[in-house]
Each structure stands twice: as C-alpha cells, then as structure tokens.
Amino acid sequence: MKLDNDLMAIQNVRLALQEAKTAQAQLEKMTQKQIDEIVGAMARAAEAEAERLGALAVEETGYGKPADKKIKNLFVARDVYEAIKDMRTVGIIRRDEGRKVWEVAQPVGIVAAIIPSTNPTSTVLFKCLIALKARNAIVISPHPAAVRCSQESAKVMRDAAERAGAPAGLIHCLSQPSIEAVNELMKHKLTDLILATGGTAMVKAAYSSGKPAYGVGPGNVPVYIHRSADTSKAARLIMQSKTFDWGTICASEQALVVDQAVKDRFVGELKRQGAHFLNEQDKRKVGAILMIGKGLNPKVVGKSPQVIAGMAGITVPEGAKVLIAEETAVGLEHPLSIEKLSPVLALYTVNDWQEGCRRCIELLELGGLGHTLGIHCEDLPVIEAFGLEKPASRIVVNAGTTFGGIGATTGILPSMTLGCGSFGNNITSDNIGPQHLLNIKRVAFGIRDMVTEDGEAVKAAERVEKTLATRSDLGISREEVMQIVKSVLSEMQAK
C-alpha cells in the first residue's frame, strides 16, 4: 500500500539521520590531515569510476551523453578537488594578528542534499566531497528518475571514505525519495542545513522548511555577441558549450543576442560548425513540444537535435548539432525564449549593446534571474557595462557559459551548485564550496579601551589619584580623591 511505503520511507530517513549524527560526531574530532586523506581518497575513487557512473546516469535517466557525463564526474574528481584540497576546515583556519582575531571552523552537522536528474552522479560526487571536507555528514535525496545512479555514486564515495578511515554512516542516499520522505529530511530536527539543486518548487520547499538552505534557481542564460567579437571563436565556443551533454547544465546558453552589424557573419559561422536554423513552420512545431503548461517538457531535456526533431514531426540533417530559431519576443507564449536544457537556441537581433542589454535582462527576468550571462566582446567598456548592470551572478566573458559558469574555464570556484543571490531568491550568489558548509567562530582579543563618559571620569580620577599619592601629607584617601574628581567633572558637564 502507498501509505505503508510512505511510512517506511519516512522511517528510513530518520534512521539515516540518526546514523549520520553519530558518525558526524566522530568525524568532527578528526585532524585536518585525516580529513584531507579521506577527501583525497574520495576524489580518486570518483575519478576511477567516472566513466561507469556517467553511463549509468544516461542509462537510467535518458538525459545527455555518457562521454560528457564522464567529463562532469572528472570535473568534480579533478577540478573541484584541486580547488578545495588545501582549504583549511579544521580548528583555527585564519589568524589576523593585526586585529587579534582568530577564525575557527566548525562543521554545520548534517547536510540534506537534494539531487537533480540532469546531473545526478556528478552532483552526488560533488556534494559528498564538499560535505566531508567541512567535516559534515550527508543524507542524499536523489531525483526519483535517478535513484540507482545516485545511490551507486554515493556508495563509491562512502566506500572510499571508510577505507580511508572515515566512520561508517557518514554518507546516506535514500532509496525511496517520495515527497513525504523529502519533506521529513528537510524538516527533521537532526538536519542542520539543506543543499538543494533542482526545480523551482523543490528550491522553494527547501527555503520554506525552517532550516538554513542553499538553493539554486533556473538558468535561462542569454549570451550577447557584440560587434567587436571574434565571431568565429564565439560560434565555436557556443557550439561546444551548448552541445555538451545535450545542454543539461543549467549554465548552458539558452538564447543568443547578436548585433545586427555582425549577424550574417556570426550566423554563417554557426552553420559551418553544425547549427541547423529552423524555418518558421518548423520553429512552431518545435516550440509546440518544448513546454507542458507553463513549464519545460521533461521529454526534451538532454535529447539530441534529431530526437527533438522527431518528436516535433520535422526532419533535420543527421549532422545537426544544435537547433536554432530566430525570435523577436520574450515570454511564455514564445517557447524558445525559456530555459530549454537541450540543444535548442533562440536567436535575437539587436542594433547596439544598449538594446542587447535590455533584451538580456528580459530573458533573465523570464526565468534566469541571478544565474549566468555570457558576452562575447573585445570592447572593455561594454563588458564593464554588462558586468555592472545585469542581474546575473556570473558574467562569463569570451567563453562558453556551460564551462565558464561552473569554473572549468574561468577563475571562479569550480562547483556543481551555482547560487543566484537575491535576484533568484537564493541566499548566496557564490559557486558553492566547503566554506559554505562551515560555521566560522571568532576568537577576538581586546585591543583598545571603550571610551565612555564614565570611563573618562574614572581615567581622570586615576590620574589625579596617582598625582596626590605622592603628597601623603594631605591625609586624603583614594576613595575621597575619586569622589572629588567625579563631583568636579559632573559640575563641568552640567555647565
């Protein structure tokens, strides 16, 4: 019966949290060296299993490409690990000798991790890695469409951690991720923090749970191609980015906004590199299958151009890598303007960068506020204007946004969880890392006296008392001196 299954799922959540609590208390006592050895072993295991886990993800979900899923897993095992391996997360992690302040790291406790179906294995590997680096336990709630590959990824992390000396019970992955189970996980008293990657409804539920939560919003990423851009390079980078895992990373390009002055040259480059432009009739047919109600149709997510074309009842070349349609408006009534998570792009034409600015903001407001924006441009003042004005947390310049946003080809922190800030109703605009899963305590030494009126009176009295102490012939006690000085100061302030 459904009720019995729901009760069993809730009980499993409670058992997982109890085990995690016990294990985390032991992990918290470990040294930085021990933690780093555990995390290093986990990264090596993720690297060794990257290909197998990537294939499992595609097999189970039907989203993306096995080879690209492998690359995502390797990104976590190599790039993320390299970025965090030397972070101090135990004991005193910083000393400011000038201000006499020590910063002390303390784990948050138990992290509840919500995993999407689009990037299930890489996100599990990522969240396990950063959670244990910060000495936390983690309980994972996989997407119902990606339970098996998520569980296998968690097992790889758990086994590697335990072989390296971690206590048993630190890493759990739910086998029945029902709505009731997820709610129990997010609201349970033993859960200390929620790390939610998923749809808007799931992120809102995380923020409504009463627990501290890092949620990430959708990424309807616009990319502006300025007249100064190297159009050949821009087209190559966009095509590489948009075709990666068939567009399942939320930082992938969703709309191209190109200056009229370079449009023909840019479109020609896109076509040479495998883009197929839809005519008006085919555009309407593809648009008709992109949405269900007001949301994205999950059946098109992570599918090839040929599969999407077949669903729409049109024919496209076998070598087509991306489907592109020209658009002139933004809104739910224009399906190509939404986040598509597939190799489908809208193309808008503008007269100048100011118009490009306005169009990019429209696209972000439709469904990508706070996430990511791309710009291909060699004019620094224009790049600066885009960086200052746009409601996006990552402005990726002259790079594919898929790779630039996650920190693979840019200098920002490598991460599989990208905050959208207050623009997207998120608590942070950062790329999430271990530092977000720590409490930082401060040991602060007194470095100056507090100046108050009473304090000044006492200091004045002490100076007079010291002077009079050398005049023993006056026969006045210390207490009498203090009283006299206070009385004089009070009279002076009254005047």
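Everything below is about the structure printed above this text.
Residues numbered from 1 in each chain as written. Predicted model: local features only at pLDDT ≥ 70, side-chain atom pairs only at ≥ 80, totals over all residues. Heavy atoms only, no water.

Side note on the overall build of the protein chain
Check the secondary structure of the protein chain and you find 17 helices and 17 strands. Seen along its three principal axes, the alpha-carbon backbone of the protein chain occupies a region of about 110 × 60 × 40 Å. Carbon and sulfur atoms make up 52% of the accessible area of the protein chain, which amounts to about 21900 Å² in all. Side chains of the protein chain give 59 positive and 56 negative charges; the mean places of these two sets differ by 3 Å. (Helix = DSSP H or I, 4+ residues; strand = E, 2+ residues; numbered from the N terminus. Areas by Shrake-Rupley, 256 points an atom, 1.4 Å probe, with all protein chains shown as cover. Lys, Arg positive; Asp, Glu negative; His and termini not counted. Charge placed at Lys NZ, Arg CZ, Asp CG, Glu CD.)

Focus on the sheet that holds strand 1 (residues 91-96)
What links the strands of a sheet is backbone hydrogen bonding, and the strands pair in either a parallel or an antiparallel sense. The strand order 1-2-17 describes an open sheet built from three strands, whose pairing is antiparallel. Where the open sheet ends on each side, the last strands, each with one partner, are strand 1 and strand 17 (438-444). Direction aside, the axes of adjacent strands within the sheet are offset by 25° on average. Pairing geometry for strand 2 (residues 101-107) and strand 17, over seven bridges, is antiparallel. Of the residues in strand 17, the one forming a bridge with glutamate 103 is arginine 442. (Pairing = 2+ DSSP bridges. Axes fitted to C-alpha atoms, helices over the stretch in contact; angles between N-to-C directions.)

A closer look at empty space enclosed by the protein
Going through the model one piece at a time under the given rule, you end up with two cavities of 30 Å³ or more. The computed volume of the largest cavity comes to approximately 50 Å³. Every residue lining the largest cavity is listed: Ala229, Asp230, Lys233, Ala234, Leu237, His376, Cys377, Glu378 and Asn398. Broken down by element, the residue count for the lining of the largest cavity peaks at three residues, all from helix 9 (residues 231-243). Classifying every residue of the lining of the largest cavity gives four nonpolar, two polar and three charged. Quantified by volume, the second largest cavity comes out at close to 30 Å³. Lining the second largest cavity are Ala9, Asn12, Leu174, Ser175, Gln176 and Ala181. (1 Å grid on protein atoms, 1.4 Å probe; cavity = no way out; pocket = protein on both sides within 12 Å on 5 of 7 lines; lining within 4 Å. Points joined across faces, edges and corners; volume = space filled by probe spheres on them. Nonpolar A, V, L, I, M, F, W, Y, C, P; charged D, E, K, R; others polar.)

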